[in-house]
Amino acid sequence: MIQKVLLLHPGEMGASIGSALVSNKHEVVWASQNRSKDTKNRATGNKFVDKLSLKKAVTYCDHVITICPPTVAIEVALSVKEMGFKGIYIDANAIAPSTASKIQEIVGPRFVDGGIIGPPAWEKGSTRLYLSGKCSEEVVSWFKDSLVDARSMKNSASALKMSYAAYTKGSSALILSIRALAKKYGIEESLMEEWEISQPGLKERSESTATGTASKAWRFEGEMLEIAKTFLDAELPEGFHRASSEIYKRMADFKDSEEKVIVENVIKKILN
């Protein structure tokens, strides 16, 4: 059965998720009002149907999937609910389980908790969409045989996403902050030499980490705060990921950078 799914919003990840739905003959809808030129180009290129305003899109669609910065996840849910939406609401944002619970209270029993692990889904086997909730199996069926590996799970998909990103993005913030620390004390060259002896490959990893995370750091700032909340809710120390959020905040100016970012420039931003 063809589904009409409202995608909020077609960012780099969202566009790939929507494209997977289109490949299975589902109709993916979006609202272009107040969206950027890049977003409009992604939506048009992936054959998403533009309903212009959020109100028209919500009224038209059967279901909603949100992939947006975690800091606005609750706000988006409130906006959709206020328009009388009653379909399946999939929140695939990087949010704490407690944040997911708040959104479920807003949108009702047809809430599906989602967590995406991997890059934008343009290659088979690269990206998993974990889903939990009583409607999760139905949502999984929408992605059958597509480039998105959708999987239903019994427990919190958000908890899985937070646990996974706690290491991947948390360790990225750690290694960059260590490079900045060494730079501040004037021992960066000596540290690189020691890494080559005792931690081979770590210097190269720090360089690729700087290049790979800089343009997305503005989004990771909020994600680290959600991870910190997850640790605190589990009665575990939250400080490390709050500090990671601060590291990414200092890197936020690299958003939309068209030039290749090098580790030296990232270190300067972290130290300023």
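Remember, it's a predicted structure, so these values are computed and weren't measured experimentally.

A.B. asks: Before we go on, may I ask you to explain the overall build of the protein chain in this structure?
C.D. replies: Along the backbone of the protein chain there are twelve helices and eight strands. With the principal axes as the frame, the protein chain shows a C-alpha extent of 60 × 40 × 35 Å. When each of the 272 residues of the protein chain is scored for burial, the buried share is 47%. For the protein chain, the proportion of contacts with a sequence separation of at least 24, taken over those separated by at least 6, is 61%. Just so you have it, the protein chain exposes about 13800 Å², and 53% of that area is on carbon and sulfur atoms. Averaged over its 37 positive side-chain charges, the protein chain has a centre that lies 6 Å from the centre of its 34 negative ones.

A.B. asks: For this particular structure, what's the right way to read the pattern of salt bridges?
C.D. replies: Here the idea is simple: oppositely charged side chains can pair when their charged atoms come close. Within this structure, the stated rule accounts for nine salt bridges. Lys203 is the partner of Glu207 in a salt bridge, and the nearest nitrogen-oxygen pair spans 2.8 Å. With Glu207 and Lys203 both in helix α9 (residues 202–213), this residue pair falls four residues apart, about one helical turn. The network of salt bridges with common partners includes Arg179, Lys183 and Glu188.

A.B. asks: What's the story with the packing of aromatic side chains in this structure? I'm lost.
C.D. replies: The geometry of two aromatic rings is summed up by the distance between their centres and the angle between their planes. Going through the model one piece at a time under the given rule, you end up with one aromatic pair. Ring geometry for Phe220 against Tyr248: centres 5.3 Å apart, planes inclined by 80°, an arrangement best described as edge-to-face. Within this pair, whereas Phe220 is found in helix α10 (residues 217–233), its partner Tyr248 is found in helix α11 (residues 239–250), the two being separated by 28 residues in sequence. Side by side, Phe220 and Tyr248 carry an identical accessibility label, which is buried. When the ring centre of Tyr60 is taken as origin, the NZ or CZ atom of Lys51, which lies over that ring, is 4.0 Å away. Across the ring face of Trp218, the terminal group of Lys255 is positioned such that the distance to the ring centre comes to 4.0 Å.

A.B. asks: Would you mind going over helix α5 (residues 97–107) with me for this structure?
C.D. replies: Two residues of an α-helix separated by three or four positions point the same way, owing to the 3.6 residues in each turn. Where α5 is concerned, the buried positions are Thr99, Ala100, Ile103, Ile106 and Val107. Projected down its long axis, α5 carries its buried residues within an arc of 110°, all on one side. Where α5 is buried, its residues touch α4 (73–82), β5 (89–91), β6 (111–117), α7 (157–184) and α10. At the exit of α5 stands Gly108, carrying a positive phi of roughly 100°.

A.B. asks: What is the right way to look at the nonpolar core in this model?
C.D. replies: Among the nonpolar cores identified, the biggest contains 28 residues, and Leu176, Tyr248, Met251, Val266 and Ile270 are the most heavily contacted of them. With eight residues, α7 is the largest single contributor of residues to this core. Excluding anything up to four places from it in sequence, Tyr248 contacts Lys169, Ser172, Ala173, Thr213, Ala217, Phe220, Glu221 and Met224. Core analysis: the second largest hydrophobic core is formed by 27 residues, Ala20, Leu21, Trp142 and Val148 among them.

A.B. asks: What exactly am I supposed to notice about the sheet that holds strand β4 (residues 63–66) here?
C.D. replies: Picture the strands of a sheet paired through backbone hydrogen bonds; they go either parallel or antiparallel. The strand order across the open sheet formed by eight strands is β3-β2-β1-β4-β5-β6-β7-β8, and the pairing between neighbours is mixed. On the outer flanks of this sheet lie β3 (49–50) and β8 (149–152), each paired with one strand and no other. Sheet topology note: the strand β1 (residues 4–8)/strand β2 (residues 27–30) ladder contains three bridges and is parallel. Among the inter-strand pairings, Leu6 is bridged to a residue of β2, identified as Val29. Where helix α1 (residues 12–23) meets the sheet, it contacts β1, β2, β4 and β6, and its direction lies at approximately 170° from that of β1. Along the sheet, α4 makes contact with β1, β4 and β5, crossing β5 at roughly 170°.

A.B. asks: Explanation requested: the packing of α7 against helix α12 (residues 263–271) in the structure shown.
C.D. replies: The description of two helices packed together rests on the angle between their axes and the distance between the axes. Direction vectors running N to C along α7 and α12 enclose 80°, while the axes themselves pass 9 Å from each other. By the angle between their directions, the pair α7 and α12 is classed as roughly perpendicular. Across the interface between the two elements, Leu176, Arg179, Ala180, Lys183 and Lys184 from α7 touch Val263, Val266, Ile267, Ile270 and Leu271 from α12. Looking at the contact of α7 with α12, its residues break down into seven nonpolar, no polar and three charged.

A.B. asks: Explain unusual backbone geometry to me, please; I cannot follow it from the model alone.
C.D. replies: As a rule of thumb, non-glycine residues mostly have phi less than zero, and peptide bonds are mostly trans rather than cis. Looking along the chain, the bond that leaves Leu8 and enters His9 is cis, with omega of 10°. With respect to the element layout, His9 can be found in the loop between β1 and α1. Of note, Lys25 is a non-glycine position whose phi angle comes to about 75°, a positive value. Examined against the element boundaries, Lys25 turns out to sit in the loop between α1 and β2. Judged by its relative accessible area of 63%, Lys25 is exposed. The backbone of Leu52 sits at a positive phi, close to 70°, despite the residue not being glycine. Of note, Leu52 is situated in the loop between β3 and α3 (54–60).

Rules of the game
Residues numbered from 1 in each chain as written. Predicted model: local features only at pLDDT ≥ 70, side-chain atom pairs only at ≥ 80, totals over all residues. Heavy atoms only, no water. Helix = DSSP H or I, 4+ residues; strand = E, 2+ residues; numbered from the N terminus. Buried < 20%, exposed > 50% of the residue type's maximum accessible area, 1.4 Å probe, protein only. Contact = heavy atoms within 4.5 Å. Areas by Shrake-Rupley, 256 points an atom, 1.4 Å probe, with all protein chains shown as cover. Lys, Arg positive; Asp, Glu negative; His and termini not counted. Charge placed at Lys NZ, Arg CZ, Asp CG, Glu CD. Salt bridge = Lys/Arg side-chain N within 4 Å of Asp/Glu carboxyl O. Phe/Tyr/Trp six-rings, centres within 6.5 Å; stacked < 30°, edge-to-face > 60°. Lys NZ or Arg CZ within 6 Å of the ring centre and 35° of its normal. Arc of directions from axis to C-beta. Core = buried A, V, L, I, M, F, W, Y, C linked by side-chain atoms within 4.5 Å. Pairing = 2+ DSSP bridges. Axes fitted to C-alpha atoms, helices over the stretch in contact; angles between N-to-C directions. Parallel < 35°, antiparallel > 145°, perpendicular 65-115°, else oblique. Nonpolar A, V, L, I, M, F, W, Y, C, P; charged D, E, K, R; others polar.

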